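Below, each chain spelled out in residue letters.
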Amino acid sequence: MKTFPMFLSMAGRRVVICGGGAEAARKTRLILKTEAEIVLCAQTLDPELEGLVHAGRARQVQEATPELFDNCILSFIATGDEAEELALAAMARAKGAVVNIVDRPEHCDAFTPSIVDRDPVVVAIGTEGTAPVLGRAIKTEVETLLHPRLGAFAALAGRLRDAVAERIAPAARRGFWEWVFAGEAFAKHRQGDEHAAADLLKQAIAEGRAPQAVGRISLVGAGPGARDLLTLRAVRRLQEADVIFYDRLVDPEVLELARRDADRVYVGKEVGACAWPQERIDALIVAEAAKGRRVVRLKSGDPSIFGRAAEEIAAARAAGVEVEIVPGITAASAAAAALTRPLTERGETDSFVITTGMCRPGDAVPDWQPLARPGTAMAFYMAVEKAPQIEATLLASGVPGDCPVDVVASASTESQRCLSTRLDGLAQSLAGAGVKSPAILLLRYSKDHVARNVHNRVSAV
Ligand code: SAH
């Protein structure tokens, strides 16, 4: 580390910003978040800075004198004139200020990080000037991870610190604070109910302990594979979870978002077959939740689409355990994104059918024939092996052989593959290209298509 991060105490100190242009305004905007006195040293100020002076939030001086830097903790210098900047820097340093000269890293004592601001919670990201773009990208990621109300809740918790120290026994304090930031009170606060959050905290403090943990099962959609296709709610549930049950299609990267000390249980479901029988999964997730643990059942895509969620919900309800669905991005949506082609197109395909090539062992496959109407787009899940049967059934029911079919395998992941073919060449193309599950077949039977067909038939007569 060539630079070392520290948080400066700003209250009652002065920050001197030399220069009145856009760079000075950028730095001023940052310092405005603090409690420091702001002094702008410049002959002329840009309108934003002028506005701050008029509002009394900053003070302007025209000329730099040594006294300007009295009590100065930090000075940003951005006049653009190197000799002048170095002279100002020397003056500032003589009074003990930390100096940052904009765009002259070799003359800086310190650098401004990318900041995620959830005051009083602040995350500072530095790349030692190697990759500011990376710093901003990390900032964006952290922004999505930290709830916008985190700061206000942390401030509330901070106000109760003394009360906690007084009423909660030292041995129980760590567990208590864990409950504060993972439990019901924070959930209420996130929903905008600050009063309920404060009441819950105060009640727990009065009782001298965190309330008994209430177990819960969250059926969480992990999306099609790419980590950034997870919803923010899914990320939050992962971070809250005590135990996570996941299967084959869930990317290991997604699991990294969970707390380090959460248990992870692989239940290894394959398409159409499972390493673990469903009843065993149902029983286990319910048993864990009944112990008061927060259980995440992570499922690929959206849990409500071919995810066997119904059985897990029924098991939870039968045991009186709270259960919820956290929706996810389903494979068909990811396939559409991979193709940059919408699933429905106005006037062409106004209906969208989600169906499958595979059912429970022993059950008949769906009757695709009545679903395949002109004006319909169809997404076939778990259908790679059944492609010959799908092709034959649809052709036999009169779907034109030249209907386009797009196949997307491992959509949104590094091994994503797309293939475009037509219905009458589907099985052969899949076999030829060696397409493997997981893959989605998207058939487009447009209204237009039928018109052309009818027209062909008429002209043939
Ligand atoms: N609940 C999931 C579907 C589970 S069934 C969802 O909403 O997406 C498993 C099937 O989903 C696979 O056989 C395949 O057809 C499809 N699938 C899952 N992930 C996929 C991906 N990344 N790319 C293409 N298809 C996928």
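Report on the accompanying structure. (Residues numbered from 1 in each chain as written. Predicted model: local features only at pLDDT ≥ 70, side-chain atom pairs only at ≥ 80, totals over all residues. Heavy atoms only, no water.)

## Quick word on the side chain of Thr-356
This is how it is decided: The numbering of helices and of strands both runs from the N terminus, where a helix is a DSSP run of H or I of at least 4 residues and a strand a run of E of at least 2. Counting of polar contacts relies on pairs of N or O atoms within 3.5 Å, with two restrictions inside protein: one atom must be capable of donating a hydrogen and the other of accepting it, and residues adjacent in sequence are counted only when both atoms are side-chain atoms.
Mapped onto the secondary structure, Thr-356 falls in strand S15 (residues 351–356). Within the local environment of Thr-356, its side chain forms a polar contact with the backbone oxygen of Tyr-381, the two atoms lying 3.3 Å apart.

## Focus on the site of the ligand
Rule in force here: For this description, a residue counts as near a given molecule or strand if any of its non-hydrogen atoms is within 4 Å of it. Note on areas: Shrake-Rupley with a 1.4 Å probe; residue coverage comes only from the protein chains shown. Lys, Arg, Asp and Glu make up the charged group, whereas Ala, Val, Leu, Ile, Met, Phe, Trp, Tyr, Cys and Pro make up the nonpolar group; the residues left over, Gly among them, are polar. Per the annotation, domain bounds derive from an automatic or database assignment of domains.
Among the 19 residues in the neighbourhood of the ligand, the closest are listed as Asp-302, Ile-305, Thr-330, Ala-411 and Ala-439. At 2.8 Å from a nitrogen atom of the ligand is found a main-chain nitrogen or oxygen belonging to Ala-411. Within the backbone of Ala-439, a nitrogen or oxygen atom sits 2.7 Å from an oxygen atom of the ligand. In isolation the ligand exposes 540 Å². Once the protein is present, 96% of that is buried. Residue composition of the shell around the ligand, by class: 13 nonpolar, five polar and one charged. Lining the shell around the ligand are residues from two domains, each supplying at least three of them: domain 3 (216–329) and domain 4 (332–454).

## Looking at the pattern of salt bridges
Heads up, the condition is: For salt bridges, the criterion is a side-chain nitrogen of Lys or Arg within 4 Å of an Asp or Glu carboxyl oxygen. For every residue, the accessible area obtained with a 1.4 Å probe (protein chains only) is divided by the maximum for its type, and the residue is called buried under 20%, exposed over 50%, and partly exposed between those limits.
On inspection of all chains with the given rule, the structure shows 32 salt bridges. In this structure, the salt-bridge partner of Asp-261 is Arg-259, at a minimum N-O distance of 2.9 Å. The shortest N-O distance in the salt bridge between Asp-350 and Lys-447 comes to 2.6 Å. Here Lys-447 lies in helix H17 (residues 447–460) and Asp-350 lies in the loop between helix H14 (331–339) and S15, a separation of 97 residues in the sequence. Judged by its relative accessible area of 38%, Lys-447 is partly exposed.

These values are about where atoms sit, not about what they do.
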